[in-house]
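Structural description and commentary
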Amino acid sequence: MTTAPSPERTRLTHSLVLLLPAVLFGLLVSVQWRTQAERNELTVRYNTPLLDAAKTLQNEQNALKVTLAELRADLDQIQTSASTQSDAAKDLQSRIDGLKTVAGLNERAGDGVEIILDDARGAAAAKDVEKSICHNTDLTDIVNQAWRGGAEAIAINDERIVGSSSIYCVGSTIMVNGTLMSPPFKVLVIGPQNELLATYDDPTQLRDIKQRRDIYGLGFRVSRATGLHLPPYRGALNVRFATPK
Amino acid sequence: MRSNAGVISVTIVALFLGVLAVTQIAAQDVYSRSLQLETPASLTTLIANLSERNNAIKDEILDLRHRTDTAREAIAGGKGSLTEAERQLSQLRVFAGMSATSGAGITVRVEGAFDERALSDLVNELRNAGAEAIAVNSVRVGPRSWFGATADRALTVDSVAVRGPWQVRAVGSPEVMYVAMTRTGGIIGQFQLIYKGTRFDVTRESALDLPALATPLR
């Protein structure tokens, strides 16, 4: 024969059921409060005007690139109409158009590969933060590998890579062609698909990136891609000191 | 009623716990990238970089406006636009590495242990410092150039072997590139720490002659 629990025991049980979640609740609230307080302490008084300056300059750059593209198009139009005036002009224009294509100053369409590079997400990344995040050197290695594989055109997050392109890192911010970027990075490569896939699949190449992908969860995926459209390079040519011989 | 109130209380607390737990886990992202988390020193460097790029684009905009006006006047005056076309061709030949090139710049001499990734990084830094044309020994670096190594430790540029000691020559502003390479914490300083025993020398040059790309681009 079973006996019903006493009222005191029932109240004790109910209290314990509520006590545990209450303790957890209080713990989480206090940790959350501290984390928020730490973040506010990190925002030193100079950061706000510096942040505003950086964002303003990036916005200015975006607008300047549009103006530059419009002026280039205007001059191209003038040149193209003028080139009909003589064979010499036509020949010059043809050579200019050819050089612009190989130099990355024209849009480019074609098939190739897509490479995604991203910071690790999740528990694997906790082992070693440095090894689980993208670095600018990862992007330079990926671009180097693409040229090695016979690429004809490359773009990183819509920035065309040309002979003057740099991939730079300041703090945790990466700049490509002087444009601020953050992961994930989509690298589009136009070129011979089989050769490009083979160069990225080669186990002796990009060993550091592949190892960090396998152990630390760094995001790195290469896939075949068709119908790619790469924009032209929109920055300054900046040829001031060099003259052709 | 009292047991219902108890259930409701537990449910509400559990709900709050769930929300807080998820928020806290999300807040513990291993790495968070945001301009807001950069130090003032990094932000200052970013601002300097952006400023420089923007000024270069503004200069080119001014130059293009002038050239467009000149081309229009020349055509309207019956002189044609060959001058502008020749100027554009000249600029593009340098930009694409398709012509031998001369101009002031710097030379970075490397004697000792070095590898293809370091060479790639050095070229990247020179480009970031505004290098307009680069050559490694007698091999021009072009828009599609890649760096590798041979089995016997020679470095390669576009599959052409370049043996040490290496001379990396860059045409561009000598002062800007020299400072970029040799500043405290810059790439030469980093190389000196990593490649102990390797000698790195950077010199300003008033006149450099660089060859054209060995294989023209198509």
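Residues numbered from 1 in each chain as written. Chains lettered and ligands numbered in written order. Predicted model: local features only at pLDDT ≥ 70, side-chain atom pairs only at ≥ 80, totals over all residues.

Describing the confidence of the model for chain A
Our working rule: Residue-level confidence of the predictor, termed pLDDT, takes values from 0 up to 100. Contact criterion: two residues are in contact if their C-beta atoms, reconstructed from the backbone, are within 7 Å.
In this model, chain A carries a mean pLDDT of 88, and residues with pLDDT of at least 70 account for 89%. Across residues 35–41 of chain A the pLDDT falls below 50, and counting only partners more than four positions away or on other chains, this stretch makes one contact in the model.

A few points about the domain arrangement of chain B
Which entries qualify depends on this criterion: Source of the domain bounds: an automatic or database domain assignment.
Looking at the assigned domains, one finds that chain B contains domain 1 (60–95) and domain 2 (102–210). Centre-to-centre, using C-alpha coordinates, domain 1 of chain B lies 33 Å away from domain 2 of chain B.

Description of the interface of chain B and chain A
So the rule is basically this: Runs of E in the DSSP output that reach at least two residues are strands. Runs of H or I that reach at least four are helices, and both are numbered from the N terminus. Ten residue types, Ala, Val, Leu, Ile, Met, Phe, Trp, Tyr, Cys and Pro, are classed as nonpolar, four, Asp, Glu, Lys and Arg, as charged, and the remainder, Gly among them, as polar. Whether two strands pair depends on DSSP finding at least two bridges between them.
Every contact between the two is made by 88 residues of chain B and, on the other side, 85 residues of chain A. Sorting the residues of the side of chain B that touches chain A by element identifies helix 1 (2–27), helix 2 (40–76), helix 3 (82–95), strand 1 (101–111), helix 4 (116–128) and strand 4 (147–149) of chain B as the ones contributing at least two each. Each residue belonging to the side of chain B that touches chain A can be placed in one class, and the counts come to 38 nonpolar, 33 polar and 17 charged. Judged from the two bridges that link them, strand 9 (residues 243–244) of chain A and strand 1 of chain B form a sheet pairing that is antiparallel. By the bridge assignment, Thr243 of chain A is partnered in strand 1 of chain B with Ser102 of chain B.

Side note on the sheet that holds strand 7 (residues 185–190) of chain A
Residues and elements named next belong to chain A. Rule in force here: Only the contacting stretch of a helix is used when fitting its axis, a line to C-alpha atoms as for every element, and angles between N-to-C directions run 0 to 180 degrees.
Read from one edge of the open sheet, five strands run 3-2-7-1-8, paired in antiparallel fashion. The open sheet terminates on both sides in strands that have one partner only, identified here as strand 3 (159–160) and strand 8 (219–230). Pairing analysis gives 10 bridges linking strand 1 (residues 108–118) to strand 8, with the strands arranged antiparallel. Across the sheet, residue Glu114 finds its bridge partner in strand 8, namely Ser223. The sheet contacts of helix 5 (residues 136–148) involve strand 1, strand 2 (153–156) and strand 7, and relative to strand 1 the element is tilted by about 150°.

Here we look at the nonpolar core
For clarity, the threshold we go by: By convention in this section, buried Ala, Val, Leu, Ile, Met, Phe, Trp, Tyr and Cys residues joined through C-beta atoms within 7 Å make up a nonpolar core. Each residue is classified by how many other C-beta atoms fall within 10 Å of its C-beta atom, where C-beta atoms are placed from the backbone; a count of 20 or more means buried, 12 or fewer means exposed, and values in between mean partly exposed.
Ranked by size, the top nonpolar core spans 95 residues in total, and within it Ile154, Val187 and Val189 of chain A together with Ile134 of chain B carry the most contacts. Filtering out sequence-adjacent residues up to four positions away, Val187 of chain A remains in contact with Ile115, Leu117, Ile142, Ile154 and Ile156 of chain A.

Brief notes about the sheet that holds strand 4 of chain B
Residue and element names in this part refer to chain B. Strand order in the open sheet made by the three strands is 4-5-6, with antiparallel pairing throughout. On the outer flanks of this sheet lie strand 4 and strand 6 (160–162), each paired with one strand and no other. Each strand axis lies, on average, 40° off the axis of its neighbour in the sheet, ignoring direction. Sitting on the sheet, helix 4 touches strand 4 and strand 5 (155–157), and the angle it makes with strand 4 is about 160°.

Quick word on the environment of Glu125 of chain B
All names here are of chain B. Positionally, Glu125 belongs in helix 4. Residues Glu125 and Val176 lie 51 residues apart in sequence; the distance between their C-alpha atoms is 12 Å. If we skip the residues at most four places from it in the chain, Glu125 touches Ala180, Met181 and Ile187.

A few points about the pairing of strand 2 (residues 133–136) of chain B
Residue and element names in this part refer to chain B. The side-chain alternation of strand 2 yields two buried faces, one formed by Ala133 and Ala135 and the other by Ile134 and Val136. Judged from the four bridges that link them, strand 2 and strand 7 (residues 166–171) form a sheet pairing that is antiparallel. Among the inter-strand pairings, Val136 is bridged to a residue of strand 7, identified as Val168. Sheet topology note: the strand 2/strand 3 (residues 139–141) ladder contains three bridges and is antiparallel. Its bridge partner lying in strand 3, Val136 is registered against Val139. Joining the antiparallel neighbours strand 2 and strand 3 is a turn of two residues, in which Asn137 adopts a positive phi near 55°.

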